[in-house]
Amino acid sequence: VFGGYNRNTKFADRMRELGRELASRGIKVITGADRGSVLGPLKEAVEEVNPNLYELLVTDIEKNHGKELEEKTERQAELVFQLAGQQKDYFWKNCDALIGAPGGWNTQSEIASAAWWMQSTRRVRANWVLNLDGIYDGWQMLHEDLIRDGALKEERRNDLRFVNNPADLLDELSQINAQASQA
């Protein structure tokens, strides 16, 4: 799951619901941010159900440049860019599904990268965009416009699956898992 680094309490209950439900289904949750982010409530809920199902990805950048990451400098911007690259690389290689939670520019970059990864490799089975309170309505309209105008082929429609609440995401996840077990 990737999402914004700023803690947005507006989404806390729904992120908590998602974390509880994923953990209760035995699904391991990996994030690149935790307590201070929009993903904090998700992390807390997963750990309440089963602490072994939560993993905080700590990259080499964070291990070696922790102090520099806190400073608002050009170097910090370079490190954040490198950090995001290391996180994406890990997610793409180790996750069966990706969830984009509410967030800013970096989260949106991760969502776009997830769609590209899905198109290019098919390694990841599903990418969801958690469109809480319509935060990604613009992205969803753009996605539809790109398909309508032929910039994306119709077969690319499900490279990003927009859902408006955790329950819809979990329903789709159940369907995908059922299909995978039948194959």
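What you are looking at is a predicted structure, and each value in this text was computed from that prediction instead of being measured.

Caption draft 1: Quick look at the nonpolar core. Among the nonpolar cores identified, the biggest contains 24 residues, and M15, L18, I99, W128 and L130 are the most heavily contacted of them. Of all elements in the fold, only α1 (12-24), α2 (40-49), β4 (126-130) and α7 (166-182) reach the threshold of two or more residues within this core. Every residue in contact with L18, bar those within four places of it in the chain, is listed here: L42, I99, L130, P166, L169 and L170.

Caption draft 2: Main features of the pairing of β4. Judged by how many residues are buried, β4 sits mostly within the fold: five of five residues are covered. Of the two faces of β4, the one lined by A126, W128 and L130 and the one lined by N127 and V129 are each fully buried. As judged from the four bridges shared by strand β3 (residues 97-100) and β4, these two strands associate in the parallel manner. The residue of β4 that forms the bridge with G100 is V129. Pairing of β4 with strand β5 (residues 161-163) involves three bridges; the strand directions are parallel.

Caption draft 3: Focus on the side chain of T31. Position of T31 relative to the elements: it lies in strand β1 (residues 29-31). Among the polar contacts made by the side chain of T31, one reaches the side chain of Y54 at a distance of 2.5 Å. Not counting residues up to four positions away in its chain, the partners in contact with T31 are V1, L39, L42, Y54, E55, L56, L57 and F91.

Caption draft 4: Local environment of unusual backbone geometry. Even without being a glycine, D133 presents a positive backbone phi close to 55 degrees. Judged by its relative accessible area of 48%, D133 falls in the partly exposed class.

Conventions and cut-offs
Residues numbered from 1 in each chain as written. Predicted model: local features only at pLDDT ≥ 70, side-chain atom pairs only at ≥ 80, totals over all residues. Heavy atoms only, no water. Core = buried A, V, L, I, M, F, W, Y, C linked by side-chain atoms within 4.5 Å. Buried < 20%, exposed > 50% of the residue type's maximum accessible area, 1.4 Å probe, protein only. Helix = DSSP H or I, 4+ residues; strand = E, 2+ residues; numbered from the N terminus. Contact = heavy atoms within 4.5 Å. Pairing = 2+ DSSP bridges. Polar contact = N/O pair within 3.5 Å; in protein donor to acceptor, adjacent residues only side chain to side chain.

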